[in-house]
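A look at the structure
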Amino acid sequence: MTATRARKSDPHRCPECDAAFEVTYFDDRQDDRAQLPMTTAEAACPACGHARSLTLPAGAERTLVVELSDGAGADEGGGG
Ligand SMILES: [Zn+2]
């Protein structure tokens, strides 16, 4: 009886401010055979607040978390 929930993360880029952010959510689908209907949710850019629509498995929008992607940003080509 494993009730592990799959945490999915999708990278997105804001069309307004070009900020990279990740949209994370829990996928409640337990079986691949159980195809839940898809739904549309809105995720606001954490940098500028511009909302964009996303397509997620139904129910996943309730666990939606939006986070700025760390790492990329500097133009340094550091190879240390
Ligand atoms: Zn933005």
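Computed from a prediction, not measured in an experiment: that's the story for all the values here.

1. What about the environment of Asp27?
In this structure, Asp27 sits in strand S2 (residues 20–27). A residue is classified by how many C-beta atoms lie within 10 Å of it, and Asp27, with 15 of them, is partly exposed. For Asp27 and Gly59, which are 32 residues apart along the polypeptide, the C-alpha to C-alpha distance reads 8.0 Å. Beyond its immediate stretch of four places on either side in the chain, Asp27 contacts Ala6, Lys8, Pro57 and Ala60.

2. A closer look at the environment of Ala60
Summarising the element assignment, Ala60 is placed in the loop between strand S4 (51–57) and strand S5 (65–68). Owing to 23 C-beta atoms within 10 Å, Ala60 belongs among the buried residues under this scheme. In this structure the C-alpha to C-alpha distance between Ala60 and Ala41, which are 19 residues apart in sequence, comes to 9.0 Å. Not counting the four nearest positions on each side in its chain, Ala60 is found in contact with Tyr25, Phe26, Asp27 and Asp28.

Analysis parameters
Residues numbered from 1 in each chain as written. Predicted model: local features only at pLDDT ≥ 70, side-chain atom pairs only at ≥ 80, totals over all residues. Helix = DSSP H or I, 4+ residues; strand = E, 2+ residues; numbered from the N terminus. Buried ≥ 20, exposed ≤ 12 C-beta atoms within 10 Å, placed from the backbone. Contact = placed C-beta atoms within 7 Å.

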